[in-house]
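Coordinates in review
Chain by chain, the residues run as shown.
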Amino acid sequence: MTTRRLVLTRSAAVVGAASVGLLLPQIARAQSNKIRVGFMLPYTGTFAQLGVAIENGVRMAINEKGGKLGGREIEWFKVDDESEPSKGVENANRLVQRDKVDVLIGTVHSGVQMGIQRVARESGVLSIIPNAGVHAATRALCAPNVFRTSFTNSQPTLALGKPMMDKGLKRTVWITWKYAAGDEAFEGFKESYTKAGGTIVKELGLPFPNVEFQALLTEIASLRPDAVACFFAGGGAAKFIRDYAAAGLKDKIPLWGSGFLTEGVLDAAGPAADGIMTTMHYSDSLDTARNRQFRLDYAKTFKLQPDVYAVQGYDSGLLLAQGLAAVKGDMSNKPALYKAMESQTIDSPRGKWTMSPQHNPVQDIYLRRVENKENKVVGIAAKALADSGAGCKMG
Ligand code: PHB
């Protein structure tokens, strides 16, 4: 109240002192002083829940910091990208060209991310990737204005091969959606599993977001591997888990995967998910005060259980809030802003993490087991794992 009266008094003095012509640009600037934040996320389709969790997480982090960024109010914009790669550039430009956002937060799907990456590199707009793991974004196509708060597609699976071999699972069938996320998750799996001495019996795939798994499950049954490893996520992952159990494979051939398989789907999958082993940079059951508080607050605010996507959104909000606080909301000094964002430690529910030089999290990867609709931590599968960042030249 006091502040507002002070402002009014001051502007009255300005009116008295200045001509109307001089005053107008000041008013215009005051009105446009809000930071324009755009979400480009899937709000429909198999990844719809993931988009919602990310947006919730971003808003929660910023609300905890007082609801402003570097002291400035926020104006929000939203585009549903439908996880449709062919519309990636057009949708990114809706936010960048039409809405003139200062920062674009998005997206989930690696193919769509390639469209955002192009627009980010061409326009120079600040881009925060809250999920999509496509390697190129922080490797060959890295850029000073692009920051990722999630993972690269091979990060979780680089930690998957060894624990499988430790359990004596020597012959594995790999199955995934055939697009960048599945293919790059396979790269990480292949490297870690073959290095540990495992044999990949067969690679199976189907187009994204297809969920007709039956023929492939029949093939798995006839191949009789020691284990199955996979990448699936969202609604498709819930169906894969249910179909795997319904095909009678659950108690015969252990199911392993990149941890997205069991994120946000445990209610939908039910007992069919029990016993699934995964590697991931987060776990519901991480026994830290930070994670317990986060889970409590998120559940209270959104009436939903948080998952890895909510955490990645939350960390995107923290990164943005901390970066803008460091430059006091001044987005015009880009080098200072990016330097501040590069040097932040993010105190995440997943554990503290820092940015690699290529702008991807350096983070621990947990080994987890599904028990009673929860991803329980079994151990740490990799400590402070960084992506190679191969081929990245900043600047
Ligand atoms: C991706 O397309 O990069 C992607 C999508 C969903 C996930 C993980 C990665 O859960």
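Residues numbered from 1 in each chain as written. Predicted model: local features only at pLDDT ≥ 70, side-chain atom pairs only at ≥ 80, totals over all residues. Heavy atoms only, no water.

Moving on, we come to the state of the cysteines. Across all of its chains, the model carries one disulfide by this definition. Disulfide pairing places cysteine 142 opposite cysteine 392 at an S-S distance of 2.1 Å. Every disulfide takes its handedness from the sign of the S-S torsion; for cysteine 142 and cysteine 392 that torsion is 85°, giving right-handed. Of this pair, cysteine 142 sits in the loop between β4 (126-129) and β5 (146-148) while cysteine 392 sits in the segment after β14 (374-385), and the two are 250 residues apart along the sequence. With respect to burial, cysteine 142 and cysteine 392 carry one shared label: buried. (Disulfide = S-S within 2.5 Å. Helix = DSSP H or I, 4+ residues; strand = E, 2+ residues; numbered from the N terminus. Buried < 20%, exposed > 50% of the residue type's maximum accessible area, 1.4 Å probe, protein only.)

A few words on the sheet that holds β5. Spatial strand order, β2-β1-β3-β4-β5: five strands in an open sheet with parallel pairing. A strand with exactly one partner marks an edge of an open sheet, and here the two such strands are β2 (74-80) and β5. With direction set aside, neighbouring strand axes in the sheet form an average angle of 20°. Taken together, the three bridges between strand β1 (residues 35-41) and strand β3 (residues 103-105) define a ladder with parallel strand orientation. Each residue of the ladder has a partner; that of glycine 38, found in β3, is leucine 104. Most of the contacts of helix α4 (residues 88-98) go to β2, to which it runs at about 160°, and overall it touches β1, β2 and β3. Across the face of the sheet, helix α13 (residues 308-326) comes into contact with β1, β3, β4 and β5 while running at roughly 150° to β4. (Pairing = 2+ DSSP bridges. Axes fitted to C-alpha atoms, helices over the stretch in contact; angles between N-to-C directions. Contact = heavy atoms within 4.5 Å.)

All right, on to the domain arrangement of the chain then. Size of an interface, as often reported, equals the accessible area lost when the parts are brought together. For the chain, the assigned domains read domain 1 (33-152 + 287-362) and domain 2 (157-280). Between domain 1 and domain 2, the contact holds 16 residues from the first and 16 residues from the second. For the pair domain 1 and domain 2, the two sides together bury roughly 1,200 Å², of which 63% comes from carbon and sulfur. At the boundary of domain 1 with domain 2, the tally comes to zero salt bridges. (Domains from an automatic or database assignment. Buried area = accessible area lost by both parts, 1.4 Å probe. Salt bridge = Lys/Arg side-chain N within 4 Å of Asp/Glu carboxyl O.)

Let us now look at the packing of aromatic side chains. For any two aromatic rings, the description comes down to two numbers: the centre-to-centre distance and the angle of the planes. Counting across every chain of the model gives 20 aromatic pairs. Arranged with centres 5.0 Å apart and planes meeting at 80°, the rings of tryptophan 177 and phenylalanine 208 form a pair that is edge-to-face. Taken together, the positions of tryptophan 177 in strand β6 (residues 171-177) and phenylalanine 208 in the loop between β7 (199-206) and α9 (214-223) put the pair 31 residues apart, joining distant regions of the chain. Take tryptophan 177: its relative accessible area is 0%, and that puts it in the buried class. Look at tyrosine 179 and phenylalanine 208: their rings are 5.0 Å apart centre to centre, the planes differ by 45°, and that puts the pair in the tilted class. Residue tyrosine 179 is located in the loop between β6 and α8 (180-195), and its partner phenylalanine 208 is located in the loop between β7 and α9; the two are separated by 29 residues in the primary sequence. Classification of tyrosine 179 as buried rests on a relative accessible area of 11%. Every member of this aromatic cluster is reached through a ring pair, and the members are Phe47, Trp177, Tyr179, Phe208, Phe213, Phe232, Phe240 and Tyr244. (Phe/Tyr/Trp six-rings, centres within 6.5 Å; stacked < 30°, edge-to-face > 60°.)

With that settled, the discussion passes to helix α12 (residues 289-302). Compared with the 20 Å implied by 1.5 Å per residue over 14 residues, the 20 Å span of α12 between its first and last C-alpha is a close match. Residues of α12 that are buried: Asn291, Phe294, Arg295 and Tyr298. The arc that holds every buried residue of α12, seen down its axis, measures 95°, which confines them to one face. More than 90 degrees from the buried face of α12, the exposed residues found are Ala289, Leu296, Lys300 and Thr301. (Expected span 1.5 Å × (residues − 1). Arc of directions from axis to C-beta.)

Note that arginine 368 resides in strand β13 (residues 361-371). A distance of 3.0 Å separates a polar side-chain atom of arginine 368 from the backbone oxygen of glycine 259. A polar atom in the side chain of arginine 368 sits 2.6 Å from the side chain of glutamate 263. Non-local contacts of arginine 368, meaning those with residues more than four positions away in its chain, are made with Gly259, Thr262, Glu263, Ile276, Met277, Thr278, Met280, Tyr282, Ser283, Asn375, Lys376 and Val378. (Polar contact = N/O pair within 3.5 Å; in protein donor to acceptor, adjacent residues only side chain to side chain.)

Taken together, 15 residues lie near the ligand, and Val108, Ser110, Gly133, Tyr179 and Tyr309 sit nearest. The side chain of tyrosine 179 places a nitrogen or oxygen atom 2.6 Å from an oxygen atom of the ligand. A total of 280 Å² of accessible area belongs to the ligand in isolation, and the protein chains cover 100% of it. Of the residues that constitute the shell around the ligand, the class distribution is 10 nonpolar, five polar and no charged. (Near = heavy atom within 4 Å. Areas by Shrake-Rupley, 256 points an atom, 1.4 Å probe, with all protein chains shown as cover. Nonpolar A, V, L, I, M, F, W, Y, C, P; charged D, E, K, R; others polar.)

Let us now look at the packing of α13 against helix α14 (residues 334-342). Axis separation between α13 and α14 bottoms out at 8 Å; the angle between their running directions is 130°. As summarised for this structure, α13 and α14 are arranged oblique, according to the angle between their axes. Judged by the sense of rotation from one axis to the other, the crossing of α13 with α14 is right-handed. Facing Leu319, Gly323, Leu324 and Ala326 of α13, the residues of α14 in contact are Leu337, Ala340 and Met341. (Parallel < 35°, antiparallel > 145°, perpendicular 65-115°, else oblique. Left-handed = near helix turned anticlockwise from the far one by under 90°.)

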